[in-house]
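Spelled out, the chains give:
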Amino acid sequence: MRFRDFLARFRPRGTPGPAVTGVPADREAELAAELDPLLAGLAGVQAEAAEIRAEAAREAEGIRHRAAVRAAEIVAAAETGARQARELAAAPARRAARAEAAQIVASGVRAAESLRRRADARLPVLADRVVDDAFSEPSDVGRARWAPGGSRE
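Residues numbered from 1 in each chain as written. Predicted model: local features only at pLDDT ≥ 70, side-chain atom pairs only at ≥ 80, totals over all residues. Heavy atoms only, no water.

This next bit is on the overall build of the protein. Across its full length, the protein carries 2 helices and 0 strands. In the protein, buried positions account for 1% of the 153 residues. Carbon and sulfur atoms make up 62% of the accessible area of the protein, which totals about 13400 Å². (Helix = DSSP H or I, 4+ residues; strand = E, 2+ residues; numbered from the N terminus. Buried < 20%, exposed > 50% of the residue type's maximum accessible area, 1.4 Å probe, protein only. Areas by Shrake-Rupley, 256 points an atom, 1.4 Å probe, with all protein chains shown as cover.)

This is how it looks when you write it as structure tokens:
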């Protein structure tokens, strides 16, 4: 209690004149008696507010969970779309590379076939020369019968 409140207890409370004896008014008790029913009513409101906050927290957690699931679905769809886009973008280059590889293989097959035909055409002549060299006179052995760049043909 403050000193001022203590002194206020001894002030006259009535009309001027002879002092009337009585109990000083307890203002704090009067205020408490006046506010107690209101504060008791607030206890129920506080409990209700706590319940509303708890429900909101549960609802927010559900929203966060659904948002996380949806985000994962969006990421998965984006990854699938990106993979398909990469495959679609690479398809022309892949087709061109396959076509080029097929041309290279065909060119190699043609070159091998040409070489085979030339070898088949020259083989009898070269075989005859080898046989001639094998059965020729020893004096003819040192003489070059081949052209410097290959066969005489």
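Picking up after the structure, the text goes on.
Another aspect to go through is a nonpolar patch on the surface. Together, L35, L38, L39, L42 and V45 make up an exposed nonpolar region whose accessible area comes to about 470 Å². Exposure remark for V45: the relative accessible area of 47% places this residue in the partly exposed category. (Patch = residues over 30% accessible without salt bridge, like charges linked within 9 Å, V, L, I, M, F, W, Y side chains within 5 Å. Salt bridge = Lys/Arg side-chain N within 4 Å of Asp/Glu carboxyl O.)

So, about the pattern of salt bridges. Side chains bearing opposite charge may pair, as long as their charged atoms lie close to each other. Considering all chains together, one arrives at 4 salt bridges under this definition. The closest approach of N and O atoms between E55 and R58, which form a salt bridge, is 2.7 Å. Here E55 pairs with R58, and both are found in helix α2 (residues 27-135), just 3 residues apart, close to one helical turn. Residue R64 pairs with E61 through a salt bridge whose shortest N-O separation is 3.0 Å.

The subject of this paragraph is α2. When the terminal C-alpha atoms of α2 are compared, their 149 Å separation across 109 residues agrees well with the 162 Å that a helix rising 1.5 Å per residue should span. At L123, α2 shows its maximal kink, close to 40°; a proline, P124, follows between one and four residues later. (Expected span 1.5 Å × (residues − 1). Bend = angle between axes of the 7 residues up to and from the residue.)

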